[in-house]
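Okay, here's what each chain looks like letter by letter:
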Amino acid sequence: MSKKQDGQTKTRKTALAVAGVTPLVFIGNLWWLKDQPDPVVYALTGLAAAVVLIATLLAAVQGDRQSGEWERAGDRFAHQWGALAGGSFVALLLAVPAVQDAILSLATLVSAGEIDRATAMILFTAGLGSVIITQMIFTVIIGAVWRRKMGQTI
């Protein structure tokens, strides 16, 4: 591997690490965010989202530069069906009473009583994050299956 490719691989891995850690840090600080004024919550939520978007965009560009047509076809397939499968999976989970109870328990834990506007916004944001993370997981799984199946036929 050339030094340029090695540098691109390191940049991609670092970007993916940042994209993975940022939501975990955000979720880990929900207890602190619930006591902050709305502008602070919105600003930090926007900042976290921007960091994840920029990091994943950087990783995608680096990965695209290193991939050939075969890998790009697999990526398109995985993104198309991973997003659909991940979103559908979360929608199905929301219909399960045990999951609904867990969400309600989390809401009462975060709000310590009646659910106010800030807590509702944090929970909606966490819900959106869970959809995105689930879509990402399904995209990775479908991409791995595609590569394995298509690798056997070539």
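Quick caveat: nothing in here was measured; it's all calculated off a predicted structure. (Residues numbered from 1 in each chain as written. Predicted model: local features only at pLDDT ≥ 70, side-chain atom pairs only at ≥ 80, totals over all residues. Heavy atoms only, no water.)

**Details of the pattern of salt bridges**
Now for step 1: With the rule as written, the count across this model stands at 1 salt bridge.
Now for step 2: The salt bridge partner of Asp75 is Arg147, with a shortest N-O separation of 3.1 Å. With Asp75 in helix α4 (residues 69-94) and Arg147 in helix α6 (residues 117-153), the pair connects residues that are 72 residues apart, well separated along the chain. (Salt bridge = Lys/Arg side-chain N within 4 Å of Asp/Glu carboxyl O. Helix = DSSP H or I, 4+ residues; strand = E, 2+ residues; numbered from the N terminus.)

**Side note on helix α3 (residues 38-66)**
Now for step 1: The end-to-end C-alpha distance of α3 is 42 Å, a good match for the 42 Å that 29 residues give at a rise of 1.5 Å each.
Now for step 2: If you check which residues of α3 are buried, you get Val41, Thr45, Ala48, Ala55, Ala59, Gln62 and Gly63. (Expected span 1.5 Å × (residues − 1). Buried < 20%, exposed > 50% of the residue type's maximum accessible area, 1.4 Å probe, protein only.)

**Section: the side chain of Thr139**
Now for step 1: Note that Thr139 resides in helix α6.
Now for step 2: Residue Thr139 is classed as buried on the basis of its relative accessible area, which comes to 15%.
Now for step 3: Setting aside chain neighbours within four positions, we find Thr139 in contact with Ala78, His79, Gly82 and Ala83. (Contact = heavy atoms within 4.5 Å.)

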